[in-house]
Amino acid sequence: MKWDFTSVFANTDALLAGAAGTLRIFAICLVLGLSLGLVVGLGRYARTWWFYLPATAFVEFFRNTPVLVQILWFYFALPMLLPFEISPLMAASLGISLNSAAFSAEIYRAGIQSIDRGQWDGARALGMRWAQAMRRIVLPQAIKRMLPALTNRAIEIFKMTTLASAVAYVELLQQGKLIASLNYNPIEAYTAVAVIFLVFLWPLVQFTYVLERRLKRDE
Amino acid sequence: MAYQWDFTPVLANAPLLAQGLLNTLKVTGTSLVFGLALGLALALLRLSSRRTFAWPAGLVIEVFRTTPPLVQLFWFFFALPLLVGIEMTAFMAAVVTFSIQSAAFFAEVFRGGIVSIERGQWDGARAIGMNHGQALRRIVLPQAVKRMIPAFMERAIELMKTTTLVATISYADLLFAANEIAQKTFRPLETFTVAALIYFVVIFAFSLVARQFERRLAVSGESTVR
């Protein structure tokens, strides 16, 4: 068996389109997942049952089912209840974003819980309301502690975007499949896709190691 | 117009779903066994003081933690068989992929656990005449494994969720069975909802057991590793 990457390089355009698709869905899911996760995380920390219970049910459900099942549910099952079609991008973004929201909610909750009660009391003593204390005093301190875990989540989201290929959304792995089937070169096509993911993710992973080490040293 | 739910077509195909769940558990269990053994080996290699061992082990761990599992699965299913000239069933590809992938994660858990045991335990074992392997097997690992249990269980749960990816290479796991039934009965809403609920029940049960373990370890004052 001889490796021959010429047929892969001949399809650089297709891979670039795939990379653009990967980055697009990654950006959507990162923003939606992490911001919705903050809302849910606050709910998990709340003392009022009407906020706590739905947030907890959401977290348990989305953490304890596979994300691919969620994506396929949004793609094949949800349209039965809706008067419109769901695009592959919508289905995959919904699945990955909601799943990431559930996981990041627990990161936010743990981060908020790790902040000393005295900080709350101090903020109250200065006359701040709960929301003010949360926004100005607690969250800024908690975010620093959450940073490594949140970066890890971002990496997980990036890896999860490959699942969008299961509903034929055009991203890197989907393009790899296409190239492999058109050129009969699965070895080179899939190796190229794996290498591209490594190039994207390796620096991010190393960055989280630095963050983790720095946090350990500071605390 | 409100949608008319009808679960009878799904219930009529219950045996198919049950077989799918069984296959999901089969892939999970097999990969777990190989993943744990390989993970321990990788951890020990990475902890080795010889760079010729530590460096390749570290590379394997990092590559498999960094690349998406679905890309790995496609590589092992579509590329590897051509590369080495063997036949590869979907089940084999899944077990190979998920064993190595989870081994990479297990290796870091093992390493964290072994490193968390204080030096004095090694010194004590040496002092009563044990060699490195004996000290590891009889003194360090038994203590370390206890601290690793919650992280192991969490990883096992992740593994079970990851096995759904085999449906994309047509192995008849629970998700694949659901997809078949949905296409056959034109009832995707009911079928995928039932499949999601089955996954939830099984995985949530495992999660509760894992949390119970973690709490008990915390009560006994045992520190745990991530």
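Reading the values: rules and limits
Residues numbered from 1 in each chain as written. Chains lettered and ligands numbered in written order. Predicted model: local features only at pLDDT ≥ 70, side-chain atom pairs only at ≥ 80, totals over all residues. Heavy atoms only, no water. Axes fitted to C-alpha atoms, helices over the stretch in contact; angles between N-to-C directions. Helix = DSSP H or I, 4+ residues; strand = E, 2+ residues; numbered from the N terminus. Parallel < 35°, antiparallel > 145°, perpendicular 65-115°, else oblique. Left-handed = near helix turned anticlockwise from the far one by under 90°. Buried < 20%, exposed > 50% of the residue type's maximum accessible area, 1.4 Å probe, protein only. pLDDT = per-residue confidence, 0-100. Contact = heavy atoms within 4.5 Å. Buried area = accessible area lost by both parts, 1.4 Å probe. Salt bridge = Lys/Arg side-chain N within 4 Å of Asp/Glu carboxyl O. Polar contact = N/O pair within 3.5 Å; in protein donor to acceptor, adjacent residues only side chain to side chain. Nonpolar A, V, L, I, M, F, W, Y, C, P; charged D, E, K, R; others polar.

> Would you explain the packing of helix 2 (residues 14–47) of chain B against helix 5 (residues 90–116) of chain B in this entry?
What describes two packed helices is the angle between their axes and the distance between those same axes. Residues and elements named next belong to chain B. Contact pair helix 2 / helix 5: the axes reach a minimum separation of 5 Å and the direction vectors enclose 45°. Here helix 5 runs oblique to helix 2, going by the angle between their axes. For the pair helix 2 and helix 5, the crossing hand works out as right-handed.

> Before we go on, may I ask you to explain unusual backbone geometry in this structure?
For residues other than glycine, phi is negative in most cases, and the peptide bonds are mostly trans. We note that A:Ala168 has phi near 65°; this positive angle belongs to a residue other than glycine. By the secondary structure assignment, A:Ala168 is in the loop between helix 7 (130–160) and helix 8 (172–183). Take A:Ala168: its relative accessible area is 48%, and that puts it in the partly exposed class. One non-glycine residue, B:Ser170, lies in positive phi territory at about 65°. Looking at where B:Ser170 falls in the secondary structure, it is placed in the loop between helix 7 (132–162) and helix 8 (174–185).

> Help me understand the confidence of the model for chain A, please; the structure alone is not making it clear to me.
In low-pLDDT regions, the fine details of the predicted coordinates are not to be read closely. Here chain A averages 94 in pLDDT, and 100% of its residues register 70 or above. No element of chain A has a lower mean pLDDT than helix 1 (residues 6–9) of chain A, which averages 89, and none a higher one than helix 4 (residues 67–77) of chain A, which averages 97.

> Whenever I open this one, the environment of A:Leu89 confuses me. Can you help?
All names here are of chain A. Its location among the elements puts Leu 89 in helix 5 (residues 88–113). Put simply, Leu 89 and Tyr 169 are 80 residues apart on the chain and 6.0 Å apart in space, counted from C-alpha to C-alpha. Once residues lying within four places of it in the same chain are set aside, the contact partners of Leu 89 are Arg 24, Ile 25, Ile 28 and Tyr 169.

> Just to check I follow, could you spell out the side chain of A:Thr208 for this structure?
Residue and element names in this part refer to chain A. Locating Thr 208 in the fold gives a position in helix 9 (residues 186–218). The exposure class of Thr 208 is buried, given its relative accessible area of 1%. Leave out the neighbours within four places in its chain, and Thr 208 touches Pro 148, Thr 151, Asn 152 and Ile 155.

> Which parts of the structure should I look at to understand the interface of chain A and chain B?
Frequently, the measure chosen for interface size is the accessible area removed from exposure when the parts meet. Across the boundary between the two partners, chain A contributes 37 residues, which contact 38 residues of chain B. For the chain A and chain B pair, buried surface summed over both sides reaches about 3,500 Å², with 77% attributable to carbon and sulfur atoms. Together, A:Asn64, A:Met80 and A:Lys159 form the three largest contributors to the area buried by chain A at its contact with chain B, with a combined 17%. Linking chain A with chain B are 1 salt bridge, by the criterion used here. Between chain A and chain B we count 7 residue pairs in polar contact (both at pLDDT 80 or more) in total.

> Teacher, can you tell me more about the packing of helix 2 of chain B against helix 8 of chain B here?
Residues and elements named next belong to chain B. Where helix 2 contacts helix 8, the axes come no closer than 7 Å and their chain directions differ by 155°. In terms of their interaxial angle, helix 2 and helix 8 are classed as roughly antiparallel. Here helix 2 contributes Leu 16, Leu 17, Gly 20, Leu 21 and Thr 24 to the contact with helix 8, which in turn contributes Leu 174, Ala 177, Ala 178, Ile 181 and Lys 184. Looking at the contact of helix 2 with helix 8, its residues break down into 7 nonpolar, 2 polar and 1 charged.

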